[in-house]
Amino acid sequence: MSDKKSANAMWGGRFSAGPDAIMEAINASIGYDQKMAKQDIDGSRAHAAMLAAQGIIEDSDASAIRKGLLTVLSEIEGGGFAFSTALEDIHMNVEARLTEIVGPAAGRLHTARSRNDQVATDFKLWVRGQMDAAIDGLTALMKVFVAQAEAGADMVMPGFTHLQVAQPVTWGHHMMAYVEMFARDRSRFEDARKRMNESPLGAAALAGTSFPIDRDMTAEALGFDRPSANSLDAVSDRDFALEFLTSCSICAIHISRIAEELVIWSSAQFRFVTISDRFSTGSSIMPQKKNPDAAELLRSKVGRINGSLIALLTIMKGLPLAYSKDMQEDKEQVFDAADSIMLSLAALTGMMADLRPNPEPLRTAAASGFSTATDLADFLVRALNMPFRDAHHVTGALVKMAEDQGCDLHELSLEQMQSVEAKIPNAVYEVLGVENSVASRVSYGGTAPAQVRAQITRWKAALL
């Protein structure tokens, strides 16, 4: 049987001629939806078992179908399966091969089912698996950041606003900021997974079915919490894919932020960190170069992932209920984003595990740019009972004085400080060192090493 005649047989008696080559090319999705082969076969095996349990098909037919489907899966996973574009998608390719293996019994598999609920089920199963993988990947990444934080809980570095030195912080505090970010990313995947975990199987084309099916049975067999409650919504819902892409996009944004910092920090002008050779490349012409290519590629992945999200949002915008062929365009976006986010998580985990912070350049930078000015203002409030706005003004005048003399605040003499504010005591020098500055930030969530260690302890217990 030719591919075109085979395709016509799948469509049934409505069509008398084979598809035009261009129509076949635009209609076929097998080039990418073969990624869902296992999910398709898992769903079909669960459906066949339910049909037999409900007395809709014979046990012998269900047994032959279920065994035949395992044979098909083995062929696909072994690389010996011949996919046909004329058969459009993974569902029809599997069913055609199943028919060759088990004969007419294969035709009973599609009882009480449509490709509409079939593809929705397959896609949900696939996305759910990717959510689980992303959750595991984020957990591994968070552990690496916690390890970096623990190793540098006391290591002083500059904290930036507007990419200018603002106040001293610790390396551990900076690393733990990303733990919090990636924890929210993980919670988004977890939350979306709970919401999506309803089975579309049994919704059929759009209206349900007249056969006495047991949707709870198939939902349980496939690990869903429950069957979806509305058949129209079940076949047309792609919220789960959009939420997956949204979670990927936000996560990729966070990855791009640390990637950007690594690019800057590893430069000769900063020398804050050393990226391992495993995640660097050289130049074809400049032998001295060590380029942070992995970080730069991580920084760029967000554009690709955001593009997938925008594409699917646009595809779904304005679609009437229930299923429309537009929705065939959903999968490539999700498949590509899933590949990108998983590769990004793995690359960043490896890079951060190897990353070496350089304490001296970090401390030198932390002490530059009058970074303890806020500590001085706070000291004036505490020691002199000065209103903060007045303390801010005095501190600003002292910063201007130090700037004019080409020195830092702690290098001003007491007499010079007292020329601006006569009541400043000698104890002022105790707050002007960067170590004293970070140690003083003892508020919950602050950069004081004791606070950082408390957060490290909390997260180490949570990530077990």
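Residues numbered from 1 in each chain as written. Predicted model: local features only at pLDDT ≥ 70, side-chain atom pairs only at ≥ 80, totals over all residues. Heavy atoms only, no water.

Glancing now at the overall build of the chain. Scanning the chain from N- to C-terminus turns up 19 helices and six strands. Over its C-alpha atoms the chain spans a radius of gyration of 31 Å, topping by over 25% the 23 Å that the globule rule assigns to 464 residues. Scored against the burial criterion, the 464 residues of the chain give a buried share of 51%. Expressed as a percentage of contacts within the chain between residues at least 6 apart in sequence, the contacts between residues at least 24 apart total 74%. Carbon and sulfur atoms form 53% of the exposed surface of the chain, whose accessible area is close to 21500 Å². Side-chain charges in the chain split into 45 positive and 58 negative, and the spacing between the mean points of these groups amounts to 1 Å. (Helix = DSSP H or I, 4+ residues; strand = E, 2+ residues; numbered from the N terminus. Rg over C-alpha atoms; globule rule 2.2 N^0.38 Å. Buried < 20%, exposed > 50% of the residue type's maximum accessible area, 1.4 Å probe, protein only. Contact = heavy atoms within 4.5 Å. Areas by Shrake-Rupley, 256 points an atom, 1.4 Å probe, with all protein chains shown as cover. Lys, Arg positive; Asp, Glu negative; His and termini not counted. Charge placed at Lys NZ, Arg CZ, Asp CG, Glu CD.)

All right, on to the environment of Leu463 then. Along the chain, the position of Leu463 falls in the segment after α19 (449-462). Residue classification places Leu463 among the buried positions, given a relative accessible area of 5%. Considered as a pair, Leu463 and Met196 are 267 residues apart in the sequence and their alpha carbons are 24 Å apart. Setting aside residues no more than four positions away along its own chain, Leu463 makes contact with Thr139, Met142, Lys143, Val146 and Arg186.

What follows covers the packing of helix α12 (residues 293-316) against helix α13 (residues 330-354). The geometry of α12 relative to α13 is characterised by a closest axis approach of 9 Å and an angle of 155 degrees between their N-to-C directions. As far as their axial angle goes, α13 and α12 are roughly antiparallel. By crossing handedness, the relation of α12 to α13 is classed as left-handed. Between α12 and α13, the contacting residues are Ala294, Ala295, Leu298, Lys301, Arg304, Ile305, Ser308, Ala311 and Leu312 on the first element and Asp330, Gln333, Val334, Asp336, Ala337, Ser340, Ile341, Leu343, Ser344, Ala347, Leu348 and Met351 on the second. (Axes fitted to C-alpha atoms, helices over the stretch in contact; angles between N-to-C directions. Parallel < 35°, antiparallel > 145°, perpendicular 65-115°, else oblique. Left-handed = near helix turned anticlockwise from the far one by under 90°.)

Further remarks concern the side chain of Lys124. Positionally, Lys124 belongs in helix α7 (residues 115-151). Residues contacting Lys124, with those up to four places away along its chain left out, are Met196, Glu198, Pro200, Phe224, Asp237 and Phe240.

On to the layout of surface pockets. Approximately 310 Å³ is the volume found for the second largest pocket. As for the second largest pocket, its lining consists of Phe160, Leu163, His174, Ala177, Tyr178, Met181, Arg257, Glu260, Glu261, Ile264, Trp265 and Phe270. Contributing elements (two or more residues each) for the lining of the second largest pocket: α8 (171-196) and α11 (239-265). If one sorts the elements of the lining of the second largest pocket by residue count, α11 sits on top with five residues. Tallied by class, the residues present in the lining of the second largest pocket amount to eight nonpolar, one polar and three charged. (1 Å grid on protein atoms, 1.4 Å probe; cavity = no way out; pocket = protein on both sides within 12 Å on 5 of 7 lines; lining within 4 Å. Points joined across faces, edges and corners; volume = space filled by probe spheres on them. Nonpolar A, V, L, I, M, F, W, Y, C, P; charged D, E, K, R; others polar.)

Another point: the nonpolar core. Core analysis: the largest hydrophobic core is formed by 77 residues, its most contacted members being Phe145, Leu262 and Leu348. Those elements that provide at least two residues to this core are α7, α8, α11, α12, α13, α14 (359-366) and α19. The contacts of Leu348, once residues within four sequence positions are left out, are Leu141, Phe145, Phe182, Ile255, Ile258, Leu262 and Leu298. Core analysis: the second largest hydrophobic core is formed by 23 residues, Ala37, Leu51, Ile57 and Ala112 among them. (Core = buried A, V, L, I, M, F, W, Y, C linked by side-chain atoms within 4.5 Å.)

Let's shift gears to the packing of α7 against α11. When two helices pack together, their arrangement is given by the angle between the helix axes and by the axis-to-axis distance. Look at α7 against α11: their axes get within 10 Å of each other, and the N-to-C directions meet at 25 degrees. With respect to each other, α7 and α11 are oriented roughly parallel. Crossing hand, α7 versus α11: left-handed. Residue-level inspection shows Ala120, Phe123, Lys124, Val127, Gln130, Met131, Leu138 and Phe145 of α7 in contact with α11, the latter providing Phe240, Ala241, Phe244, Cys251 and Ile258. A class-by-class count of the residues in the contact of α7 with α11 yields eleven nonpolar, one polar and one charged.

Each α-helix turn comprises 3.6 residues. Residues three or four places apart therefore point the same way. In this model, α19 (14 residues) spans 20 Å end to end at C-alpha, consistent with the 20 Å of a helix rising 1.5 Å per residue. Turning to α19, its buried residues number three or more, namely Pro449, Gln451, Val452, Gln455, Ile456 and Trp459. Down the axis of α19, the buried side of the element spans an arc of 155 degrees, and every buried residue falls inside it. Opposite the buried face of α19, at more than 90 degrees from it, the exposed residues are Ala450 and Thr457. Where α19 is buried, its residues meet α7, β2 (164-170), α8 and α18 (434-440). (Expected span 1.5 Å × (residues − 1). Arc of directions from axis to C-beta.)

A word on the confidence of the model for the chain. Overall, the prediction assigns the chain a mean pLDDT of 92, with 95% of residues at 70 or greater. With pLDDT under 50 throughout, residues 1-5 is counted as low confidence; its partners more than four residues away or in other chains account for six contacts. (pLDDT = per-residue confidence, 0-100.)

This brings us to the pairing of strand β1 (residues 156-161). Pairing between β1 and β2: six bridges, direction antiparallel. Along β2, the bridge assignment pairs Pro158 with Pro168. In this structure, the hairpin formed by β1 and β2 is closed by a connection of two residues, where His162 is found at a positive phi of approximately 60 degrees. (Pairing = 2+ DSSP bridges.)

The subject of this paragraph is the packing of aromatic side chains. What the rule picks out here adds up to eleven aromatic pairs. With a centroid separation of 4.7 Å and 55 degrees between ring planes, the pair formed by Phe81 and Phe83 is classed as tilted. By relative accessible area, which is 11% here, Phe81 ends up buried. The class for Phe83 is partly exposed, based on a relative accessible area of 29%. Plain terms: the ring middles of Phe270 and Phe272 are 5.1 Å apart, the flat faces sit at 80 degrees to each other, and that makes the pair edge-to-face. Residue classification places Phe270 among the partly exposed positions, given a relative accessible area of 27%. The exposure class of Phe272 is buried, given its relative accessible area of 3%. (Phe/Tyr/Trp six-rings, centres within 6.5 Å; stacked < 30°, edge-to-face > 60°.)

In this fold, His392 is placed in helix α16 (residues 388-405). Here His392 falls in the partly exposed class, since its relative accessible area comes to 46%. Each C-alpha atom of the pair His392 and Asp339 lies 51 Å from the other, and the pair is 53 residues apart in sequence.

Right, let's get into the environment of Gly303. Mapped onto the elements of the fold, Gly303 is located in helix α12. Overall, Gly303 belongs to the partly exposed group, its relative accessible area being 47%. Along the sequence, Gly303 and Ala252 sit 51 residues apart, while their C-alpha atoms lie 8.7 Å from each other.

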